[in-house]
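# Summary of structural features
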Amino acid sequence: MAGWLWLRCLLGPNLHRVHRPPEQPRPEGRAGRRVWTPLLQHSPQTWTWGHALALWSLSYYSSPLILCYLYRKGYICSSKLVPLSQYVGTALVCLLGVACLRGWGRWRNSEYLQFITILEETRKNRTPSNKRKLASYDFDFSHWPADFSWKEVSNPKLSKAGVSLLKPEPKHRGATDSLLSSVRTLPCHVISYLIAHSFGRRMLYPGSVGLLQKAMRPMLLQGQARLIEEYYGQRNKLVACDGNEIDSMFVDRRGDRGPNGKTLVICCEGNAGFYEVGCMNTPLDGGYSVLGWNHPGFAGSTGVPFPQNEANAMDVVIQFAVHKLGFQMSDIVVYAWSIGGFTASWAVMSYPEIQAVVLDASFDDLLPLALKVMPDSWRPLVTHTVRKYMNLNNAEQLCKYQGPVLLIRRTKDEIITTMGPEDIMSNRGNNLLLRLLQYRYPKVMTEDSVRAVRQWLSAGSQVEEEFVYSSYEVDGDWCLSVLQSYQAEGETPFPWSVGKHSRGRSGYSARKYMRNFETTHCTPLPIAEFHTPWKL
């Protein structure tokens, strides 16, 4: 019995923190925070094992360079491999000894024994009581039992290939031309695949790199503890249709007295953002119910963050919010920062009943930003790679949505500009706004109107913005009455033909759909800048 318990401790997950049970009363003077206890934090076994894992991760990514160096030095031969294998065997024995010591240390710790017992009991019997007990522990998420799966609400036969995405329009060629073109472009296809699945994906989503996650782990653990201990957050594991496990955090405010608690804000993070330290804090400060989740391959989530996997993850998050948490689609607002605009725009395109979408520091298309950082000679290869494997077509997806939209532009943004932060007209958020207005109000967005909107977008401060807007003498009340009368006629789906027989003002629409925030790309958005989108 003792040997079996020691084996369970040896193979069990790392336990990072123990939270105060929800039913325990709060201690005096600490009304806004629960008590937590570090566990095995200074154990030499834990530190040694963690360093070994970090060394393995570093060796994995540098293995091509190491092998090339060994080959050039003549170490890859039978006479050299024998002593090398002895060194490797010695190292493995040492690691095995460290693992046994770790198991012994856990076996001697009463809190870990209690945790492993609760974990085993929860796996056998997933009652609400067992889940509440397990939620008091912060441990490796790979051992966390699944809380929701797409199979609960979807037909597995229809969802094996994943959710649907918008695909680039194929170029029509003859059968012979298509065959010759395929043979001629085969090397390009192979190189594109290798780029996308090696450094390309890691450049686009640096948060999926293990070394970065290792460096950020203390910050992530602290942020997660804050969400659980101060906001009573509920951590859940969601299984998407591609098998990826999505790490999510839900904060329920429906029982609060504030007016925003019944609205759920689903947050979509940036390419190096995690819900533990990301944009969840903004709607939390506003009293909203909030559901955050990590990209595939980020922190506790498994998989890799390609567009299909991203959309699959977003789909199971929405299904979880509706079928498990009990929210209506009309009560959900999707809020995204930076590259999270892709999953946010996909969500509102696929679920048009969603109340609204807020895109902060987002862009229209990935391709111009990818071309900015790559050599000009690589333009055809970069174009093919992005369109084939990383086609983040935010504007195209957003135009499929009929509901309220708010775009937040950072006037000093240094990430989504193609010419630098000093050139505000190279901010790709401008193109996102123009694409949306041209689709929704094609009669209003004439050449003169587009020129007027561009002049308004060139304003780098609120004073300049007001000056440009007032110079066009826009009558806001008149514009609003025209739009309301047109909507009353019953032709509500976009695009609208309003403006054909009236002097529609594009500047009025631009100000309703976009707000400027004078800061850089990575500055957290204060709650004062978070607004529900304009709606007629």
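What counts as what
Residues numbered from 1 in each chain as written. Predicted model: local features only at pLDDT ≥ 70, side-chain atom pairs only at ≥ 80, totals over all residues. Heavy atoms only, no water. Buried < 20%, exposed > 50% of the residue type's maximum accessible area, 1.4 Å probe, protein only. Helix = DSSP H or I, 4+ residues; strand = E, 2+ residues; numbered from the N terminus. Pairing = 2+ DSSP bridges. Contact = heavy atoms within 4.5 Å. Core = buried A, V, L, I, M, F, W, Y, C linked by side-chain atoms within 4.5 Å. Phe/Tyr/Trp six-rings, centres within 6.5 Å; stacked < 30°, edge-to-face > 60°. Lys NZ or Arg CZ within 6 Å of the ring centre and 35° of its normal. Axes fitted to C-alpha atoms, helices over the stretch in contact; angles between N-to-C directions. Parallel < 35°, antiparallel > 145°, perpendicular 65-115°, else oblique. Left-handed = near helix turned anticlockwise from the far one by under 90°. Nonpolar A, V, L, I, M, F, W, Y, C, P; charged D, E, K, R; others polar. Salt bridge = Lys/Arg side-chain N within 4 Å of Asp/Glu carboxyl O.

Going by the annotation in an unreviewed UniProt entry, the name recorded for the protein is Monoacylglycerol lipase ABHD16A, with Electrophorus electricus given as the source organism.

Our focus in this paragraph is the pairing of strand S5 (residues 234–239). For S5, the buried fraction is high: 5 of the 6 residues fall into the buried class. Note that strand S4 (residues 148–149) and S5 share 2 bridges and pair parallel. Bridge pairing in S5 places Phe148 opposite Leu238. In this structure, the hairpin formed by S5 and strand S6 (residues 245–251) is closed by a connection of 5 residues, where Gly243 is found at a positive phi of approximately 90°.

So, on to the side chain of Thr122. Looking at where Thr122 falls in the secondary structure, it is placed in helix H4 (residues 110–124). Beyond its immediate stretch of four places on either side in the chain, Thr122 contacts Asn130, Leu134 and Pro145.

By size, the foremost hydrophobic cluster in this structure holds 91 residues, and its most contacted members are Ile266 and Leu433. For this core, the element with the most residues is helix H11 (residues 307–324), which contributes 8 residues. Apart from the residues within four sequence positions on either side, Ile266 is in contact with Leu291, Trp293, Met314, Val317, Ile318, Ala321, Ile332, Val333, Val334 and Tyr335. Among the nonpolar cores identified, the runner-up in size contains 24 residues, and Ile228, Tyr275, Tyr288 and Val333 belong to it.

The tally for this structure, following the rule as stated, stands at 20 aromatic pairs. Where Tyr205 meets Phe298, the ring centres are 6.3 Å apart and the plane angle is 85°; that geometry is what we call edge-to-face. Of this pair, Tyr205 sits in the loop between helix H8 (186–204) and helix H9 (210–231) while Phe298 sits in the loop between strand S8 (289–293) and H11; the two residues are 93 residues apart in sequence, bridging distant segments of the chain. Residue classification places Tyr205 among the buried residues on the basis of a relative accessible area of 1%. A network of ring pairs unites the aromatic residues Tyr441, Tyr486, Phe494, Trp496, Tyr508, Tyr513 and Trp534 as a single cluster. The ring of Trp144 carries the charged tip of Arg235 above its face, separated from the ring centre by 5.7 Å. The ring of Tyr469 carries Arg511 above its face, with NZ or CZ at 4.1 Å from the centroid.

This brings us to the packing of H8 against helix H14 (residues 379–389). What describes two packed helices is the angle between their axes and the distance between those same axes. Running from amino to carboxyl end, H8 crosses H14 at an angle of 65°, the nearest separation of the two axes being 9 Å. In this view, H8 runs roughly perpendicular relative to H14, as classed from their interaxial angle. H14 is crossed by H8, and the crossing has right-handed handedness. From H8, Cys188, His189, Ile191, Ser192, Tyr193, Ile195, Ala196 and His197 reach across to H14, where they touch Leu381, His384, Thr385 and Tyr389. Here the contact of H8 with H14 is built from residues that sort into 7 nonpolar, 5 polar and no charged.

This paragraph deals with unusual backbone geometry. For the peptide bond that leads from Phe494 to Pro495, omega is 5°, which places it in the cis range. Its location among the elements puts Pro495 in the loop between helix H19 (476–488) and helix H20 (506–513). Notably, Ala361 is not glycine yet its phi reads approximately 55°, a positive angle. Position of Ala361 relative to the elements: it lies in the loop between strand S10 (356–360) and helix H13 (366–373).

Going through the model one piece at a time under the given rule, you end up with 13 salt bridges. Across the salt bridge formed by Arg428 and Asp364, the nearest N and O atoms sit 2.9 Å from each other. Of the two residues, Arg428 sits in helix H16 (residues 428–440) while Asp364 sits in the loop between S10 and H13, which places them 64 residues apart along the sequence. The pair Arg428 / Asp364 is uniform in exposure class, with both members buried. Each of Asp138, Arg235 and Asp247 takes part in salt bridges that share partners, so that together they form one network.

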